[in-house]
Amino acid sequence: MAAIRSKNTRPELLIRRGLHARGFRFRLHDRTLPGTPDIIFRRYRALIDVRGCFFHGHDCELFRLPRTRREFWKNKIATNRERDFETAAELEKIGWRVAIVWECAIRGSKKIEQETVIDSLSQWLSSDEKSFEIRGVDSCSPP
Ligand SMILES: [Zn+2]
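Residues numbered from 1 in each chain as written. Predicted model: local features only at pLDDT ≥ 70, side-chain atom pairs only at ≥ 80, totals over all residues. Heavy atoms only, no water.

Colleague: What should I look at first to understand the overall build of the protein in this one?
Modeller: Counting its secondary structure elements, the protein contains 3 helices and 5 strands. In the protein, the succession of helices and strands from N to C terminus is α-β-β-β-α-β-α-β. In terms of overall size, the protein behaves like a compact globule, its C-alpha atoms giving a radius of gyration of 15 Å where 143 residues would be expected to give roughly 15 Å. Projected onto its principal axes, the C-alpha coordinates of the protein cover approximately 45 × 35 × 25 Å. Expressed as a percentage of its 143 residues, the buried residues of the protein come to 41%. Summarising the internal contacts of the protein: among those between residues at least 6 apart in sequence, 63% fall at separations of at least 24. (Helix = DSSP H or I, 4+ residues; strand = E, 2+ residues; numbered from the N terminus. Rg over C-alpha atoms; globule rule 2.2 N^0.38 Å. Buried < 20%, exposed > 50% of the residue type's maximum accessible area, 1.4 Å probe, protein only. Contact = heavy atoms within 4.5 Å.)

See the structure below:
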């Protein structure tokens, strides 16, 4: 689902490794599904999309608009975000559950303990909740 194809990023690998160790089996980068999702769990009719905070315009500390070519980046990121929303809606329409893991949950000063990320993803996979989102800790809430 990443608008800029950045496969096998470090956050993605950490998540894959963690869930695999807990017995979850999955496929990767399935081109037959809208947006070519990153990690696909057919058995759970669920998938995980690992999003880079810059290219997907996350409202967090990892996102900062570059000083040069601001208009270019603004437009590019806006287009990426639109595509993200559309793809997620399409996937939900055909019955997939979608979890979004933002890069800032795994990297940077607001990151969450890795075990906690894997725990909440395993719980979500085994639940019947439709959508799920994990991001770095907000500065206003306790860690
Ligand atoms: Zn972020």
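Colleague: How should helix H3 (residues 114–126) be read in this particular structure?
Modeller: Side chains of residues three or four places apart in an α-helix project in the same direction, reflecting 3.6 residues per turn. Relative to the 18 Å expected for 13 residues at 1.5 Å per residue, H3 spans 19 Å between its end C-alpha atoms, a close match to the ideal helical length. Taken together, the buried positions of H3 are Val117, Ile118, Leu121, Ser122, Trp124 and Leu125. End-on, the buried residues of H3 take up no more than an arc of 165°, which puts them together on one face. Across from the buried face of H3, at angles greater than 90 degrees, the exposed residues are Gln123 and Ser126. Contact partners of the buried residues in H3: helix H1 (10–21), strand S2 (39–41), strand S3 (46–51), strand S4 (97–102) and strand S5 (131–134). (Expected span 1.5 Å × (residues − 1). Arc of directions from axis to C-beta.)

Colleague: Just to check I follow, could you spell out the nonpolar core for this structure?
Modeller: Soluble globular proteins: nonpolar side chains tend toward being buried together. Ranked by size, the top nonpolar core spans 19 residues in total, and within it Ile15, Leu19, Ile48 and Leu121 carry the most contacts. Listed by contribution, the elements that provide at least two residues to this core are H1, S2, S3, S4 and H3. Among the elements that take part in this core, H3 stands out by supplying 5 residues, more than any other. In contact with Leu121, other than residues within four places in its own chain, are Ile15, Leu19, Ile48, Ala99, Val101, Phe132 and Ile134. (Core = buried A, V, L, I, M, F, W, Y, C linked by side-chain atoms within 4.5 Å.)

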